[in-house]
Structures are given as structure tokens and as C-alpha cells.
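These are the residues of each chain, in order.
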Amino acid sequence: MIARFGLAGVFLALPLTATGEDTVSLVPKPVQCQRLEGAFSVSPETRIIVGDNADTLLPVARHLAQAIKEQTGYALTVQPGGESQGGVLLSCAAADAALGDEGYALAVGPNSVVIRAARPAGVFYGVQTLRQLLVREEAGSAAAKPARTIPCVQIEDRPRFAWRGMHLDVARHFFDKQFVKRYIDHISACKLNIFHLYLTDDQGWRIQIRRYPRLTEIGAWRSGTQKHYSDGRGDLARYGGYFTQDDLREIVAYAHERFVTVVPGISMPGHSQAALAAYPELSSTGGPFEVWTDWGISKEVMDPGKEEVFEFVENVLSEVIDVFPSRWIHTGGDEVPRDRWKASPYAQARIRQEGLKDEDGLQSYFTKRVERFLNSKGRALIGWDEILEGGLAPNAVVMSWRGTKGGIEAARAGHHVVMTPNQETYFNYMQHKDRRGPGHAAHLPLLAVYHFDPTRGLSPEEAKYVLGGQACLWTEYVPAPADVEYLLFPRLLAMAEVLWSPLEGRSDSEFVRRVPAQLEKLKETGTGYCPDWRE
Ligand code: ACM
């Protein structure tokens, strides 16, 4: 709880106490935070002043103005240049290079608020902190007034990891553009900067590809859906949807304004039955196939013995690259059954001609060719840890999901790694110990996420290869936006802290004390969360 002070408050430093009393409640916890006496009052006359680099900072200033409007009802004026007295000054200047690409300094005094950074991203993160500081008076009571006070603080902050990721599977269930933007809002408010948008799987292809119209005419629609794992019957309702390239460009631009990179996920050579339903000639047998209505791992996969598979993949990726400016393109590679390849004359001929050892070698051959193509376009391939099998492509980034073992192996071999071990980061696992609500039956409570450390088990030298970590949200059993938010919060808060805040000084009880204030904020915006998160 934040005490109220008079406007004439003296700048008296109250260092953070071990118990967290007298402190502000921020998630992720900043590197350094001093609570000072006093508070800044936001009024309709408060101005947002954009200092150095006004052009690049104007969108951030408008973002702040919008957030303040939502929280206070005041429409503040944004103006370039001017005095910080009585206002909120945003400044981005080379003089603050020591703060790094994403760090910021935030000083709230009784008469001014100043956010300084070396780069616009840092100013944006300072703004996210400011939004958390803007609290309702008498928070929680029925008579709560709109938020109008910001406690005086001195903060210096920067992230621990460069890759702070959150994934959403829009293939198993489709979530529209409006919800995806809201999801990006949630991610960026928590200072995450990567959105892994998982677009294709056996059960649906969700990105328009102009050269292959059947991918969405056929591949985006299935004739039924398996329901819960305990119910093998499912329904027979036609289900589907997809994003046009214009939709995706809009999503990318929206994310970019919030300093989030959208990393597209296109599954190959497995998890591709929806593509094979549209273009069965890419398979070993020639089909026919339907967009899958079950969950699990389909044995129908692309056949890398066929040259037309590479032609297809390169053409598809060319359009993907055109839509997504991300340096990283995620090409899946997980859970590829070898059954069809073992029986395929095409696959077996490729294995012989290329002198490959076996079907693992064939998957490695496939990934290396796809990587060469992506590299030739100036992009990097990232794939699930199965891409280690048969030999890793030379520049590939490994996303380790079957625990951290694959990631550790890749880091030791000098490859970049993103850790997303399912036991600690799969938000489709249930939060509640009684396993109620949507999601997979496994249990992943809040504190298990909080205990995740992407560099665990690595020496400091090896840990340099860990770009960061990510949480994943697979949607087989997650049909609706409300289900997504229920699974996301409050665990996203724990993941934000894992990926942003220093490892030192973590305390379960102190973290848990900071959660309710964040949940209050979520309530204000009508965002759902799991209310049983303490259990
Ligand atoms: C995965 O969960 N199959 C990456």
C-alpha cells in the first residue's frame, strides 16, 4: 500500500526494506528503486514534454497520454521541448548510453517526472513503470477514486535478458486481430519484447500466402474439433480462420510501436498436416489428407526427399519474410515422426544420395537447407530442440522446450539458445492445483514459473549464449480469449520478473506480496486472471 504524502514532500530517501513495506509495488522488480517522500499529482494541466529526439519519442509520449487517459480520465497535452517543471519529461539521448539499449532512469519528484534513456525502448519501459506507479487512491475500496497520484521514486533499471518472449498458438484455436493486439498490450506492459506468433500446425494454417491460396482456402478450416483429452468424440462444427497479410502487417506495426518483435512460427517438416491437406503432393504418400480434427502428433509430414518441398518452403518463407521484419524466423522442427520417411522411396533416395546416416540425418539436411535459404535473405533460423537431432544447422538458434537439456547442449556448442522448458514455462498447463479450468492437465503454479532461471546449469561463459527465455501458450484446450487470460495471469508477472529482473535477491514471499496490486490493475482494464493463483 502506498502512503499519501503532501505535495510539499521533502526528498527523503526511504530505501527498500527486506519486507517490502513502504515500497512501491512493481513487477518486474527494477534493478534499483528508492521510495522518496512525497507524490506527484496528475491534473488535467499536466503536460507530457518530449525532450531530445522528439520525433522518435512522440509515439511513446502518445502511448503514455493514452494510458493516463484510461487511468485518470484526463487528456494530457503532448508537447515537444520545454521545462519539466509540473510535467512529465521524456528524454532519449546519447548522453545516457550507460543505461543500455533498453534501460531507463525514472525520477518522480513532487513537481516533475523525468524518464531518461539512451534509446526509445528504454523510455517506453520507463513509461510502463510509471503506469504501474499511478495508483488509485484508497485502492480496493468501493469508493476508490481514479488514479491521480504517483509516489516519488528514483529508479534505475535495465533488463537481464535480450529475449523476453511470450508465445501464442493461433493454429489449434484461432484468435483474431483485436485479441492479438490486446495480448501484445499485456506482453509489452510486462516489459517482454518478443511475441512468438505460432501460425501453422496440423489443425490449421493461419497466414495468407498469395502464391498458395489453398493453404487458407482449405488449410485454415477443419471439419470438427476434439474437445477435452478425456473426451475423444469432440464436435463436428466447421472451425477456422486466418490472418491476411495486411492483418499481419497491422499486428507487426502495432507490436513495433510497443517495442515487441513478432517472430512468426511456421511448422515444418512436421506439424504440417493442414498444409498437406491443401497440397498433398508435398507428402510421401500423396494423400489425400484432411485438416486434422484430433490433437497429438500426426505422422503425416512433408517429405524432404522431394525437391518440390524445398520450392514450397522457400516460396512460403519469402512471403513470410516480406510480412515480418523479425531477424528470427521460427521453423518448428519438433515432433517429426519418421514412419513415412522410412517407407518413402523419395526420402530413402535422398538419404543415399546425400550420404546421410538415417532419418535423423534427413531432418538435419532439411533444416540446414532451410537455414541456408533464410541466411541468404539476412534472417536467422530458430527451431525447437529436435533440430539438434542428426546435427545442428551451423547458425541455428535452439529453442529448448523438452527441459533445458537441448539448450544446454547447444549453448555448450556455441549456439544461441532460448529456454522454454515445458515444466516451468508452458502456460497451457493448469495453474490451479485441483486442475480446474481450461488447459492441459499438468500443473504449473505461479511460483514454479518464478523459480525458472534460463541460465541454470551453465557456466558464466556458456550462459552468454542464452538469449533469454520464453513462456508458451498452446491452445488445444484453450478455445476462447477469456481462457487465454485466465492462463496468462498472474504467471506472466512471474515470467516478466524472471526475464527482466536481476537473479539476486529473489524472494517468493516478497514477490507474492507484489502480485495483488498488479491484479487490481488488471481488473481495472477488464483483464481476466486465475483467482486461485495462491493455491
Ligand atoms: C512443443 O511443445 N512441441 C514445442
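Analysis parameters
Along each chain, the written sequence defines residue order, and numbers are assigned to residues from 1. Per-residue local features are limited, in this predicted model, to residues with pLDDT of at least 70; the limit for side-chain atom pairs, both in listing and counting, is 80 or more; totals at the level of whole chains, interfaces and linings are taken over all residues. The basis for every side-chain value is the complete set of non-hydrogen atoms in the structure, without hydrogens or water. To form a nonpolar core, buried Ala, Val, Leu, Ile, Met, Phe, Trp, Tyr and Cys residues must be joined to one another through side-chain atoms within 4.5 Å. The buried label goes to any residue with under 20% of its type's maximum accessible area, the exposed label to any with over 50%, and the partly exposed label to all in between, with areas taken from a 1.4 Å probe on protein chains only. Comment: elements are numbered from the N terminus, with helices defined as DSSP H or I runs of at least four residues and strands as E runs of at least two. Looking at any residue, its pLDDT shows the predictor's confidence there, from 0 to 100. Contacts are residue-level and defined by heavy atoms, with any inter-residue pair within 4.5 Å sufficient. Each Phe, Tyr or Trp ring (for Trp, its six-membered ring) is paired with any other whose centre lies within 6.5 Å, and the angle between the two planes then decides the class: stacked below 30 degrees, edge-to-face above 60, tilted in between. To sit over a ring, a charge needs its Lys NZ or Arg CZ within 6 Å of the ring centre and within 35 degrees of the ring normal. A fitted line through C-alpha atoms serves as each axis, taken over the contacting stretch for helices, and the angle formed by two N-to-C directions is quoted from 0 to 180°. For classification purposes, angles smaller than 35 degrees are called roughly parallel, those larger than 145 roughly antiparallel, those between 65 and 115 roughly perpendicular, and all remaining angles oblique. Put simply, a crossing is left-handed when the front helix is turned counterclockwise from the back one by less than a right angle, and right-handed when it is turned clockwise. Residues are grouped as follows: Ala, Val, Leu, Ile, Met, Phe, Trp, Tyr, Cys and Pro are nonpolar; Asp, Glu, Lys and Arg are charged; every other residue, Gly included, is polar. Only one rule defines a salt bridge in this text: a Lys or Arg side-chain nitrogen within 4 Å of an Asp or Glu carboxyl oxygen.

Colleague: Which residues make up the nonpolar core, and what values go with them?
Modeller: Grouped together as the largest cluster of nonpolar side chains are 126 residues, with contacts concentrated most on M166, Y183, F195, L215, F312, F427 and L473. Looking at this core, the element that brings in the most residues is helix 7 (residues 307-323), giving 9 residues. Judged by nonpolar contacts, the second largest core, of 37 residues, contains V88, V108, Y125 and L130.

Colleague: Any details on the confidence of the model for the protein? Residues and values, ideally.
Modeller: The share of residues in the protein with pLDDT of 70 or more is 93%, and the mean pLDDT across the chain is 92. For residues 1-21, every residue scores under 50 in pLDDT, and the model assigns this stretch 41 contacts once sequence neighbours within four places are set aside.

Colleague: Describe the packing of aromatic side chains, naming the residues involved and giving the relevant values.
Modeller: A complete count under the given rule lists 20 aromatic pairs for this structure. Ring centres of W295 and Y477 lie 6.3 Å apart, and the angle between their planes is 80 degrees; this geometry places the pair in the edge-to-face category. Of the two residues, W295 is situated in the loop between helix 6 (273-278) and helix 7 and Y477 in the loop between strand 22 (466-471) and helix 15 (481-488); the sequence distance between them amounts to 182 residues. Take W295 and Y477: they sit in the same class, and that class is buried. With centroids separated by 4.3 Å and ring planes inclined at 10 degrees, the aromatic side chains of Y450 and F511 adopt a geometry described as stacked. Of this pair, Y450 sits in helix 13 (residues 446-450) while F511 sits in helix 17 (residues 508-524), placing them 61 residues apart in sequence. The pair formed by Y450 and F511 is uniform in burial state, with each residue classed as buried. Linked through ring pairs, Y198, W384, W401, Y426, Y429 and W474 together constitute an aromatic cluster. Its end group placed over the ring of W500, K191 keeps NZ or CZ at 5.7 Å from the ring centre.

Colleague: Explain the packing of helix 3 (residues 177-189) against helix 5 (residues 245-257) residue by residue, including any values.
Modeller: Relative orientation of the contacting elements helix 3 and helix 5 amounts to 20 degrees, with a least axis distance of 10 Å. In this view, helix 3 runs roughly parallel relative to helix 5, as classed from their interaxial angle. With respect to the hand of their crossing, helix 3 and helix 5 are arranged in right-handed fashion. Contacts from K177, V180, K181, I184 and D185 in helix 3 reach D247, E250, I251, Y254 and A255 in helix 5. A class-by-class count of the residues in the contact of helix 3 with helix 5 yields 5 nonpolar, no polar and 5 charged.

Colleague: Before we move on, can you summarise the pattern of salt bridges with the specific residues and values?
Modeller: Taken as a whole and judged by the stated rule, the model has 29 salt bridges. Of the charged contacts in the structure, one is a salt bridge between D322 and R249, with a shortest N-O distance of 3.3 Å. One end of the pair, D322, is in helix 7; the other, R249, is in helix 5, and 73 residues separate them in sequence. With a relative accessible area of 55%, D322 lands in the exposed category. The partly exposed category is assigned to R249, whose relative accessible area is 31%. Note that R402 is salt-bridged to D385, the shortest N-O span being 2.6 Å.

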